[in-house]
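Structural overview for review
Given next are the chains, with one letter for each unit.
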Amino acid sequence: MDGSMSDAPSAASSTAPASPRPKKTRAEYLAWIEQERPRRGEAWYNEILARMKARDAQRNQAYQEAREVTRRQWMDQVTAWSAGGGFDAVVQSLCTGPVAKIGRTRFQYRIGGVKFEVNFANRTCTRWDGATFANGKRGMREALGLATAVFELAGDPRPFLRAKETVMALSGIGEEQVKLGEDTKRRLEEMRRQQQALAIRLAEEANREDPLSAEDQAVVPLRVTDRRKIEDLTRLMARERAFPLDYARRAVQEGVIWFGEWRYRDRQTGEVVNSHRPLAVSDVIGMETGVLLGHASREFKAFFRGPAKGKNLGRIQNGFVVIGRWSAETKRIIITEGVYSGLALRLLRERRGRPLGADEAILVPAGSRDLERLLAHCQKRGIEVISAYDCDPAGLRASTVNAAWCAAHGVKHTVGLPPLGEATWSFRDDAWGREHYVQTARRLAEMGQLFHYLPASGGRLHLVLRTTAAACALHAELKRSARELEEAEFTAWLNQHHPAKAVDGRPEPRDPDEVWRLQLEYQRQQPMHEPMAEQWHRKDWNELLQHEYHPRAKTAGGLPEACPEAESELRSAMRALGFTDEEAESLRAAGTVFPGLIDGHPFAIWPALAPDSPTPLGYQAVPLGTGLPRSCGATWAAAVTFGRLERAPLLVAAGDLKHAGEAWRRGGEAGVVCAIGPDLPKTYLDLAAGNETALACAFDRDEPGVAASARVMEAARARGIKLAAMPEAVPALGVSGP
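Here the structure is a predicted model, which is why all the values come from computation and not from measurement.

1. Observations concerning the overall build of the protein chain
What the protein chain contains, in helices and strands, is 21 helices and 31 strands. Burial status across the protein chain gives 44% buried among its 738 residues. Long-range pairs, those at least 24 residues apart, make up 63% of the contacts in the protein chain with a sequence separation of at least 6. A total accessible area of about 38600 Å² is found for the protein chain, and carbon and sulfur atoms account for 51% of it.

2. Points about the packing of aromatic side chains
Inspection of the entire model under this criterion finds 13 aromatic pairs. Between Phe642 and Trp664 the ring centres are 6.1 Å apart and the planes differ by 45°, which places this aromatic pair in the tilted class. Of this pair, Phe642 sits in strand β27 (residues 639–642) while Trp664 sits in helix α19 (residues 657–666), and the two are 22 residues apart along the sequence. Just as Phe642 is buried, Trp664 falls in that class too. Among the aromatic residues, those joined into a cluster by ring pairs are Phe427, Tyr437, Phe451, Tyr453 and Trp636. Across the ring face of Tyr45, the terminal group of Arg37 is positioned such that the distance to the ring centre comes to 4.0 Å.

3. Considerations on the layout of surface pockets
Taken as a whole, the largest pocket encloses approximately 1300 Å³ of empty space. Taken together, 43 residues make up the lining of the largest pocket; nearest its centre are Arg298, Glu337, Gly338, Pro365 and Asp390. A total of 7 residues in the lining of the largest pocket trace back to one element, the largest contributor, which is helix α12 (residues 393–409). Put simply, the second largest pocket is a space of about 430 Å³. Lining the second largest pocket are 21 residues, with Leu609, Thr641, Gly643, Arg644 and Leu645 positioned closest to its centre.

4. Considerations on the nonpolar core
The biggest cluster of nonpolar side chains holds 61 residues, and the ones touching the most others in it are Phe427, Tyr453 and Phe642. Among residues more than four places away in sequence, those in contact with Phe642 are Phe579, Leu587, Thr592, Trp606, Leu657, Ala660, Trp664, Gly671, Val672 and Cys674. Membership of the second largest hydrophobic core comes to 36 residues, among which are Val224, Ile316, Trp541 and Leu545.

5. Some points on the sheet that holds strand β17 (residues 451–457)
Sheet architecture is open: 4 strands sit in the order β17-β18-β16-β21, paired in antiparallel fashion. In the strand order of this sheet, the two ends are held by β17 and β21 (532–537), each with one partner. Geometrically, the sheet is characterised by an average inter-axis angle of 20° between neighbouring strands, direction not taken into account. By the bridge criterion, 7 bridges tie strand β16 (residues 422–428) to strand β18 (residues 460–466) in an arrangement that is antiparallel. Directly across from Glu422, in β18, lies its bridge partner Arg466.

6. A short note on helix α11 (residues 372–381)
Those residues of α11 not exposed but buried are Leu374, Leu375, His377 and Cys378. Buried residues along α11 cover an arc of 155° about the axis, so they all sit on one side. As for α11, its buried residues are in contact with β11 (319–324), β12 (332–335), β13 (360–365), β14 (384–387) and α12. Note on α11: the residue one or two positions beyond its end, Gly382, has a positive phi of about 70°.

7. Details of unusual backbone geometry
Backbone geometry follows two general trends: most residues other than glycine have a negative phi, and most peptide bonds adopt the trans configuration. In this structure, Ala242 takes a positive phi of about 60° despite not being glycine. Position of Ala242 relative to the elements: it lies in the loop between α8 (227–241) and α9 (245–254). In this structure, Glu692 is a non-glycine residue whose phi angle is positive, near 55°. Structurally, Glu692 is set in the loop between α20 (682–691) and β30 (694–699).

8. Remarks on the environment of Glu662
One can find Glu662 in helix α19. According to the relative accessible area criterion, Glu662 is buried, its value standing at 14%. Taking the C-alpha atoms as reference points, Glu662 and Phe579, separated by 83 residues in sequence, lie 8.4 Å from one another.

9. A word on the confidence of the model for the protein chain
Per-chain confidence: the protein chain averages 78 in pLDDT, with 77% of residues scoring 70 or above. In this model residues 128–141 is a low-confidence stretch, pLDDT under 50, and it forms 53 contacts with partners more than four residues away in sequence or in other chains. Segment residues 173–178: pLDDT under 50, and 13 contacts once partners within four positions in sequence are set aside and those in other chains are kept.

10. Points about the pairing of β30
Along β30, 6 of the 6 residues are buried, which leaves the element largely enclosed by surrounding structure. Alternating positions in β30 separate into two faces, Ala694, Ala696 and Ala698 on one and Leu695, Cys697 and Phe699 on the other, with burial throughout. Judged from the 5 bridges that link them, strand β28 (residues 650–654) and β30 form a sheet pairing that is parallel. Among the inter-strand pairings, Ala653 is bridged to a residue of β30, identified as Cys697.

11. Section: empty space enclosed by the protein
Scanning the model with the defined rule gives 3 cavities of 30 Å³ or more in all. Roughly 60 Å³ of internal volume is contained in the largest cavity. Every residue lining the largest cavity is listed: Met237, Glu240, Arg241, Ala280, Arg298, Glu299, Phe300, Lys301, Ala308 and Tyr340. Every element with two or more residues in the lining of the largest cavity is listed here: α8 and β9 (292–299).

12. Let's talk about the pattern of salt bridges
Taken as a whole and assessed by the stated rule, the structure comprises 30 salt bridges. Between Arg332 and Glu384 there is a salt bridge whose closest N-O contact spans 3.0 Å. Of this pair, Arg332 sits in strand β12 while Glu384 sits in strand β14; the two residues are 52 residues apart in sequence, bridging distant segments of the chain. The shortest N-O distance in the salt bridge between Arg575 and Asp581 comes to 3.0 Å. On the basis of relative accessibility, which here comes to 45%, the residue Arg575 falls in the partly exposed class. The network of salt bridges with common partners includes Arg250, Glu254, Arg346 and Glu350.

13. Structural notes on the side chain of Gln620
Within the secondary structure, Gln620 is located in strand β25 (residues 613–623). In this structure Gln620 touches Ala604, Ile605, Trp606, Arg630, Ser631, Leu657 and Ile676, once residues within four positions along its chain are discounted.

14. Observations concerning the packing of α8 against α9
When two helices pack together, you describe them by how their axes are tilted relative to each other and by the distance separating the axes. Contact geometry for α8 and α9: axes closest at 9 Å, N-to-C directions at 120°. The orientation of α8 with respect to α9, classified from their angle, is oblique. Crossing geometry of α8 relative to α9 is assigned as right-handed. Contacts between α8 and α9 involve Glu231, Thr234, Arg235, Met237 and Ala238 on the former and, on the latter, Leu245, Ala248, Arg249 and Val252. Class assignment for the residues of the contact of α8 with α9 results in 5 nonpolar, 1 polar and 3 charged.

15. Things to note about the side chain of Thr555
Within the fold, Thr555 resides in the loop between α16 (541–546) and β22 (561–562). In this structure Thr555 comes out as buried when scored by relative accessible area, which is 19%. With residues near it in sequence (within four places) discarded, Thr555 still touches Gln449, Leu450, Phe451, Pro560 and Glu561.

16. What to know about helix α15 (residues 512–525)
The terminal C-alpha atoms of α15 lie 20 Å apart, and with 14 residues this matches the ideal 20 Å at 1.5 Å per residue to within 8%. Of the residues making up α15, those classed as buried are Pro512, Asp513, Leu518, Glu521 and Tyr522.

Definitions and limits used
- Residues numbered from 1 in each chain as written.
- Predicted model: local features only at pLDDT ≥ 70, side-chain atom pairs only at ≥ 80, totals over all residues.
- Heavy atoms only, no water.
- Helix = DSSP H or I, 4+ residues; strand = E, 2+ residues; numbered from the N terminus.
- Buried < 20%, exposed > 50% of the residue type's maximum accessible area, 1.4 Å probe, protein only.
- Contact = heavy atoms within 4.5 Å.
- Areas by Shrake-Rupley, 256 points an atom, 1.4 Å probe, with all protein chains shown as cover.
- Phe/Tyr/Trp six-rings, centres within 6.5 Å; stacked < 30°, edge-to-face > 60°.
- Lys NZ or Arg CZ within 6 Å of the ring centre and 35° of its normal.
- 1 Å grid on protein atoms, 1.4 Å probe; cavity = no way out; pocket = protein on both sides within 12 Å on 5 of 7 lines; lining within 4 Å.
- Points joined across faces, edges and corners; volume = space filled by probe spheres on them.
- Core = buried A, V, L, I, M, F, W, Y, C linked by side-chain atoms within 4.5 Å.
- Pairing = 2+ DSSP bridges.
- Axes fitted to C-alpha atoms, helices over the stretch in contact; angles between N-to-C directions.
- Arc of directions from axis to C-beta.
- pLDDT = per-residue confidence, 0-100.
- Salt bridge = Lys/Arg side-chain N within 4 Å of Asp/Glu carboxyl O.
- Parallel < 35°, antiparallel > 145°, perpendicular 65-115°, else oblique.
- Left-handed = near helix turned anticlockwise from the far one by under 90°.
- Nonpolar A, V, L, I, M, F, W, Y, C, P; charged D, E, K, R; others polar.
- Expected span 1.5 Å × (residues − 1).

As structure tokens, this is what we get:
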């Protein structure tokens, strides 16, 4: 205690000597006062207590004033941080999972399998069980709790330190202010216990093969028993899926498919209602128990508009639809993506003389994408696995995952995707589309992937290519680039027409609900056409069964398939252009022209090249008979070339093949370029400028030819290219000199 406190005895106190006053702790001092109270009297005792109370009140007031100053500074700092978008930045930087919009300002995120609801209006982030983890009014502690929860769920070994670094980096508030409250610590500990219990429960449920519950059994599709109706539905299924009628009847007799009408429980009355919507239903059985787990069904397209929809019932993710025999004697399984695909595969095998054996079965995972449990079962029983998914990116990816697991665990695995899968890739005809169109064609040619150029239509550029793992990887890369372009276009439109408000010189964060509304407005004002789209052909076994397939991607250079049978027609066409047989053979040997087939008709194919790549970027096809010429590929970046261009003293630009051939015959050492499009590709002008080659133009004397010649000459002058006349005057050509 303070030594300034007086403890002199009052007049009523005893004259006995006082004991020495302790000065260590408050408790000892109070004990000493009680000890001296009988000797010194009540007046002295009350006076001492009054002084202590006054001194305590003074100290408490000073403490509260200092605390209030600190609190106000803290709240001012937090308010500025929150108003500047600090809370939004923390939430948006951490909540990177799928987002579900459930109101004007409420969004749901999934982080590590746990759902969080974020309300940007009152700046709160609430876990699904009601535990609040972030509130801007409280300050940084709850935001830090949210960040710690996120990193904890992500499996980070040091979640608190990662969260602290993240929040400090996003807020700019000092390290001494970033602390984790005790209530948040308790919530995090409780969350860890709940997550462990949830993981154990989910693992147990994932391995259970529970039969249909009483609630599910009440709404099982009503089985059709009328023989006439069963026959009608069987014929309909056979027609839709290209099955022979006897094979469709066999699938029904085996029980792989049975017909029913979908039933559901009315939400208001609770009664089970028959919708009378006809379904083709398949039973889903357990892998280990063999019990009925549920039903997988699909509507008939003929009864409804649009694509047929699937309707599933029960715990189908733990079972399979079995085609063939799944028993203890099974030694080989074939995994397909759909029931009809599996039936088509069995029929195709029978037509090739390879029916399913007694130890083989086709399994269709009804609702599970993770087949590790099935593969582990095959490992235990020594069963061979064949992945016969659809021939598309998802099927290739699933086959790769299965192959990797089987290789790591010693299970025999084979990839058996449908053959001859193809896709059509379409690029928007703009700067981005043209650039990626050319890059894609070159990369496909470098990888040796089969592809083919298609004529441009509808403002889009098209490629047909084989479905391979390399092509699917390239497709994922292109789609990612296309999404980035769409986002950039929308952001540019947003900043131009609806700029963000500035606060203290900084742009104010946008309300997510406002961004959502503006995006809808942007789509209404200018519809968002995808820069890159795709259509996959022949992707499953049922499509392989439905029709004969005539693949179009037959070369690795994007050109039509060669047709040696049309050599005589090609020589006749070359004579019509003024070439002798020797000149035609020379051009044929050099690859400048060859006979090819397009849609079953012979054409003279003139490949178009770019000077910086040997890969043909397109071609001009002249019919060897009746028909119109057509141009395909990147005609804006390539041209038909005659002779060598690298060391040619003169480069001649022609507007059609006849003029180019005449210039090639009369030009001597001059190189000749035939522009397929309306303009000569700029890459050839750059080549002439780099080689210091002179340029001459050989276009028609009509209005389009004169205009094209003027454009080429203007571009040449801009590059400093010397303009020259033709070495020999050719009356049929329009000659442009300096």
